[in-house]
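One-letter residues, chain by chain:
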Amino acid sequence: MTLNKEQYTAFEDIVGPEYISSDPAILFSYSWRSGLYAPPQDFSPLFEAIILPHTNEEIQAIVKLSNKFKLQFKASSTGWGPYNDATAPGCVKLDLRRMNRIIEINVKNMYAVVEPGVIGTQLQAECMKLGLNCNQNGAGTNCSASPIVGHCGFGHLSQSGSYGERNQLALEWITPEGELVCFGSLGSTGAWFCGDGPGPSLRGAVRGNVVPMGGLGVFTKAATKLYHWPGPTSVELEGVSPSYVPTSIDNHFLIRIYSFPDMEMMDQAQRKIGEAEIAYELMGFNKGMAASNIATSNEEMLKLHAEFSNLLTDFCLMVIIGGYSARDFEYKTKVLNQIAIDTQGKSLTKISDDPEVAAGCMWRWLRPTASIREVFRATGCFAGEVGGTDVFRLMADYIVETAKVKQKMINDKLIFDDGAPPFTQSIEHGHYGHGELLIRYIPNPSNWAGMMDFMAKANEIAIKQHFGVPGHVFSDMQHDIYGPHVMNYHKWLRKIKKSFDPNGASEGSHHITVKE
Amino acid sequence: MIVEKLSQLLGKENVEFKPDILESFSRDLSFVSPIRPAYVVKVKNLEEVQNLVKIANETQTPLIPVSSGAPHFRGDTVPGTGGAVIVDLSGMKRVIHISRKHRMAMFEPGVTFGELISAVAKEGLRLNIPLAPRRSKSVLGSLLEREPVVMPIYHWDISDPSGCFEITFGNGELFRTGAAAGSGTIEEQWAAGGSQKEAAGPSSASWYRLIQGAQGTMGIVTWGTARCEILPKLEEPYFIGSSNLENITNALHWLVRLRLANECLVLNNVDVAALLANNGTEFQKIKTSLTPWILFFNIAAYDYYPEERIKGQMEDMNGVAKKIGVQAVKTLGKIHANEFLKIIQQPSSEPYWKIRIQGACQDIFFLTIYEKLDELIKTMHEEADKIGFTTTNIGIYLQPIVQGVNCHCEFNLFYNPLNAAETDKVKQLNSIATRSLMEKGAFFSRPYGENTSLIMNRDAATVAALKKVKQITDPKHIMNPGKLCF
Ligand SMILES: Cc1cc2nc3c(=O)[nH]c(=O)nc-3n(C[C@H](O)[C@H](O)[C@H](O)COP(=O)(O)OP(=O)(O)OC[C@H]3O[C@@H](n4cnc5c(N)ncnc54)[C@H](O)[C@@H]3O)c2cc1C
């Protein structure tokens, strides 16, 4: 299917000829699939057209036309991941990169308002100038700064900066039928500080631990909470990527990787650090990620991995402390040292004794840009298990279980051998957690088949062993597997979809569709 | 006959239709028009609730869930229509589960603050509670109302400290929100190491957010969980008194931003007096002994080096105070901060502080940001002046919530309900001030009583979207009809 002339012209009338294209070169570039969950095929189905709207009115008009023409639409902000794809013909892409304004930063009440085309690094830089910081998607600061765009939205900073589901304030939503709904204070007063009410909060209809992946209209502006930034207003770097160090992070910061004898000790350390409220960042880390991050080449990574294998167990935590004053830093460091003693945590000397390595890692984890090195080094693409959000230990245990399946794939030589330890995130001073299992692979048919088999087994583990609904669960097929075991939530989710998108215009193959 | 069905289901003794009981549920201390319910039924468990909802659907009978005991203040439990059945959940009093490890508690709707505070304290935990709630207030009811709480640094999201809910939706279907959804039963989840604490989900909807703020219009919640914090090892509370609101909000901002204080709130002299006084004379004495604004905060420390932490945080707090030009003190007038801390860490003593002196109180509350406060308070005073309500008798409570992103602003209009003229003034002021405050940007995120339509009508798009949600959960509109926009 291609758009007929009437359809193309109608869309063109909305945005102007410069901002729409169905040139095959453009369409193919939007459907090239690499990186995350890259399949053996190089391209996903083509969009019918790529449209770059710039205002709410344009988006509303496009959405209404899509409904009228019985086409589908799918919005994206940076378009980084398979959930941005069309899965069948008949879909137009709304690329929101032109909507890239930071609308407001309110210092005293600590929130910012962004359009989806603003990326994390831009918002962070502006916030830091004001002594504030925003949570960042763990994928990297190249993702949208909007709290309701990236898959789950947690990341390195979530220990002190929470995540999208809980950071989001007022929201501007263009429904799948093209109506504009302004959540919370925005709808009643035009201000952005609150996303809830009057009455029940519509935030609950448009996202859960994960976002609806393009399947529920378009989010055009969102307010997000900000947090105190204990560092400098800007950071100077010396050197050139991949070898660089920040020279101006003040001395109220410290980074450590601790290795613990077993899961129990790591879990205890996670809870004690959380309850003491001392960490700016806290993540369950592993040797594969540490090696990939510190290394500046694949060769160096392999060397470091071998070195770390003798030093690190499978139960490690990465901690960053940021003191808002010398006194605060001193106290937090003292507590951290004591907790490490109490839980038998051994500090990785590569980090604690080499200030350059420490500073480089710290900056990559604070912004953060670390994921890129961790996941793309070695094979250039990655997949794995993305757990849900729950209490930290449950999420860690889930990954330990799925790691057994990963180990089998390593043994079968289907994937890169970086061991099978989990990586986890601690959220809100240890109240919640999230776990993932990173799998790096070359996307050929047999490896891909192995990946699919892994995913099926991971689902079975999650359901049979009561680990909740992981973040990787999207699409009708997956919801239909989980739903019957999880209070039939898939039926409720489908009811939301049907109520707000009766024509199924908002491409829902990565969310849920209106099928019975 | 519905009464037979109800009696058969719940036992005759649990179906009440004595006129005085029906009368007591027909009105509350708000100004909503009284409507008598047809019955008041007491339920004991989930099974009864489910069967009750089934009967209600079959007979198109309105159900009004009520968890707290009297007195009620906001009109949300007064029937909005005739023939309604009050579902009294206050007898469901089990504290089901407390986990020190996961810092959470699970409990039924009838559990009150006093009961839960002492239950979690035994495990080394504490709740983030609203300001001196009345003794009969249900914890679950408070969570469902998104009631502001006194420790803003632990209030990351407006829904906090809520966790998961078990709910029978209006259409009769059972659902558990968030992590509690599963897979598996609650017991299986515990055995696996799970805890029903993560509120979001399952997957890409967060049902708890649609249940909160709904005033019982979505379904009947039979248990909920709350996130808890650990009990401090040491606490050091202070006051900052000032007549300058900007100084006060600057101090609030930094205390919350640097996570320096646990309990942290602002009251005017009227509200402090109302909280502490036992009679009118004491009230006047306390009120006149105080500065117009009182910021109260509490520095706390936990297991590791508590003395050092407290000392350091006090130093930092003093630094902040100095920069702003205010001073933290241990006593204000004759009130000692340690005494005040004790008062706000518990439910109110009896009689409830809002009705102790005058007999009644009408609250006007909304959300805003610091920079708007001055103007909104001025607006309130202007409206009170116009009506002839003495502005110096208006209590004001400012509570930073969502870690200081929002400020809950509450005006407490204390009055004597036996004085018809005064009552009428308060009634008028309630609606006129609400309108004017809205004009000036106050956001009434939780509309109650007779101002509801005024508030909801401002946002037609949200109303339309909410109606779609309501259609999903309660297509026959049996749950508390007439409330909000339903
Ligand atoms: C290396 C790597 C690491 C990752 N680590 C993490 C992690 O730690 N935590 C995490 O949460 N995720 C992680 N992810 C997933 C990541 O969140 C997604 O890849 C996401 O797509 C990032 O880009 P974005 O935020 O700009 O969103 P986009 O890629 O633009 O969009 C994401 C989804 O939202 C939809 N969408 C986008 N914008 C809008 C809009 N304005 N209105 C409506 N729908 C819209 C899209 O259709 C798409 O389905 C990781 C991904 C990678 C590649």
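Residues numbered from 1 in each chain as written. Chains lettered and ligands numbered in written order. Predicted model: local features only at pLDDT ≥ 70, side-chain atom pairs only at ≥ 80, totals over all residues. Heavy atoms only, no water.

Chemist: Any chance you could break down the interface of chain A and chain B for me, citing the residues and the numbers?
Modeler: Counting residues at the interface gives 93 residues for chain A and 96 residues for chain B. Of the roughly 8,000 Å² buried at the junction of chain A and chain B (both faces included), carbon and sulfur atoms supply 57%. When the buried area of chain A at its contact with chain B is split by residue, Lys108, Met487 and Trp492 of chain A rank highest and sum to 10% of it. Linking chain A with chain B are 13 salt bridges, by the criterion used here. For the pair chain A and chain B, the interface holds 48 residue pairs in polar contact (both at pLDDT 80 or more). Counted by class, the side of chain A that touches chain B contains 40 nonpolar, 33 polar and 20 charged residues. (Contact = heavy atoms within 4.5 Å. Buried area = accessible area lost by both parts, 1.4 Å probe. Salt bridge = Lys/Arg side-chain N within 4 Å of Asp/Glu carboxyl O. Polar contact = N/O pair within 3.5 Å; in protein donor to acceptor, adjacent residues only side chain to side chain. Nonpolar A, V, L, I, M, F, W, Y, C, P; charged D, E, K, R; others polar.)

Chemist: Go over a nonpolar patch on the surface with me, naming the residues and quoting the values.
Modeler: Residue and element names in this part refer to chain A. Nonpolar side chains collect at one region of the surface, where Phe28, Trp32 and Phe43 lie side by side and expose about 330 Å² of accessible area between them. Tracing the sequence through the fold places Phe43 in the loop between α2 (24-31) and β2 (49-51). A relative accessible area of 40% places Phe43 in the partly exposed class. (Patch = residues over 30% accessible without salt bridge, like charges linked within 9 Å, V, L, I, M, F, W, Y side chains within 5 Å. Areas by Shrake-Rupley, 256 points an atom, 1.4 Å probe, with all protein chains shown as cover. Helix = DSSP H or I, 4+ residues; strand = E, 2+ residues; numbered from the N terminus. Buried < 20%, exposed > 50% of the residue type's maximum accessible area, 1.4 Å probe, protein only.)

Chemist: How would you sum up the pairing of strand β13 (residues 264-268) of chain B? Please name residues and give values.
Modeler: Residue and element names in this part refer to chain B. Counting buried positions along β13 yields five of five residues, so the element is predominantly enclosed. Residues Cys264, Val266 and Asn268 point to one face of β13 and Leu265 and Leu267 to the other, with burial holding for every one of them. Where β13 meets strand β14 (residues 293-301), five bridges bridge the pair, whose relative direction is antiparallel. Bridge pairing links Leu267 to Ile294 in β14. By the bridge criterion, two bridges tie β13 to strand β19 (residues 394-401) in an arrangement that is antiparallel. From the neighbouring strand, Leu267 faces β19, where its bridge partner is Tyr397. (Pairing = 2+ DSSP bridges.)

Chemist: An account of the domain arrangement of chain A is needed here, citing residue identities and associated values.
Modeler: Residue and element names in this part refer to chain A. The domain architecture assigned to chain A consists of domain 1 (5-95), domain 2 (102-228), domain 3 (237-373) and domain 4 (379-464). Counting from both sides, the interface comprises eleven residues of domain 2 and, opposite them, ten residues of domain 4. At the boundary of domain 2 with domain 4, total buried surface from both sides reaches about 890 Å², with 50% on carbon and sulfur atoms. Area buried by domain 2 at its contact with domain 4 is led by Phe154, Gln159 and Arg166, which between them contribute 56% of it. At the surface where domain 2 touches domain 4, the tally comes to one salt bridge. One salt bridge connects Arg166 with Glu428, and the closest N-O pair in it is separated by 2.5 Å. Inspection of the domain 2/domain 4 interface yields eight residue pairs in polar contact (both at pLDDT 80 or more). Among the elements that take part in the side of domain 2 that touches domain 4, helix α5 (residues 158-161) stands out by supplying three residues, more than any other. Of the residues contributing to the side of domain 2 that touches domain 4, the split by class is two nonpolar, eight polar and one charged. (Domains from an automatic or database assignment.)

Chemist: Provide a residue-level description of the environment of Lys93 of chain A, including the pertinent values.
Modeler: Residue and element names in this part refer to chain A. Considering the arrangement of structural elements, one finds Lys93 in strand β4 (residues 91-95). On the accessibility criterion, Lys93 (2% relative accessible area) is buried. The sequence separation of Lys93 and Ala49 amounts to 44 residues, and the corresponding C-alpha distance is 6.3 Å. Apart from the residues within four sequence positions on either side, Lys93 is in contact with Tyr30, Phe47, Ala49, Ile50, Ile51, Lys74, Ser76 and Asn84.

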